[in-house]
Amino acid sequence: MQEKELEWLTQAAFYHDCGKITWPSALVSKARLSDDDRKLVNAHPIAGGVLPSGILA
């Protein structure tokens, strides 16, 4: 893996993890997700990109 690719992957993982803090705590332990729950889960990478930009601005 090239150094630039590794840097990109590291940043992507960080943003992905930041998005997980937007999940309601009850969602983390659910065995089965509803359609609305799934929408929240699917949106967390987007939230992960928005949250740090507000902190770093």
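It should be emphasised that the depicted structure is a prediction, and the values quoted were computed from it without experimental measurement.

Q: Lay out the overall build of the protein chain in plain terms, naming residues and giving numbers.
A: Scanning the protein chain from N- to C-terminus turns up three helices and zero strands. Moving toward the C terminus, one meets the helices and strands of the protein chain in the order α-α-α. Accessible area of the protein chain: about 4800 Å², with a carbon and sulfur share of 61%.

Q: Go over the pattern of salt bridges, please, and point to the residues and values.
A: Summed over all chains, the structure comprises two salt bridges. Between K4 and E7 there is a salt bridge; the shortest N-O distance is 4.0 Å. In this pair, K4 and E7 are both assigned in helix α1 (residues 3-20), three residues apart and thus about one turn of the helix distant. What makes K4 exposed here is its relative accessible area of 61%. As a salt-bridge pair, D37 and K30 come within 2.5 Å of each other at their nearest N and O atoms.

Q: Tell me about the side chain of D37, and please be specific about residues and values.
A: Along the chain, D37 turns up in helix α3 (residues 35-56). Polar side-chain contacts of D37 include one of 2.5 Å to the side chain of K30. Once you skip the residues sitting within four places of it in the chain, D37 turns out to touch L27 and K30.

Q: Pulling in residues and values, what's your account of the confidence of the model for the protein chain?
A: Of the residues in the protein chain, 86% have a pLDDT of 70 or more, and the chain-wide mean is 80. Mean pLDDT in the protein chain bottoms out at α3, which sits at 75, and peaks at helix α2 (residues 25-28), which reaches 84.

Criteria and cut-off values
All residue numbers refer to position in the chain's written sequence, counted from 1. Restriction of local features to residues with pLDDT of at least 70 applies here, the model being predicted, together with a cutoff of 80 or more for giving and counting side-chain atom pairs; totals for whole chains, interfaces and linings are based on all residues. With hydrogens and water set aside, each side-chain value is computed from the structure's full complement of heavy atoms. Secondary structure elements follow DSSP: runs of H or I no shorter than four residues count as helices, runs of E no shorter than two count as strands, and numbering proceeds from the N terminus. In this description, accessible areas are obtained by the Shrake-Rupley approach with a 1.4 Å probe, and a residue is regarded as covered only by the protein chains that are shown. Criterion for a salt bridge: a side-chain nitrogen of Lys or Arg within 4 Å of a carboxyl oxygen of Asp or Glu. In this scheme, a residue with accessible area under 20% of its type's maximum is buried, one over 50% is exposed, and one in between is partly exposed, where area comes from a 1.4 Å probe on protein chains only. Polar contacts, as used here, are pairs of N or O atoms within 3.5 Å; protein pairs need one atom able to donate a hydrogen and one able to accept it. Residues neighboring in sequence count only if both atoms are side-chain atoms. Contact between two residues is taken to exist if any of their heavy atoms lie within 4.5 Å; hydrogens are not considered. The pLDDT score gives, residue by residue, the confidence of the prediction method on a 0 to 100 scale.

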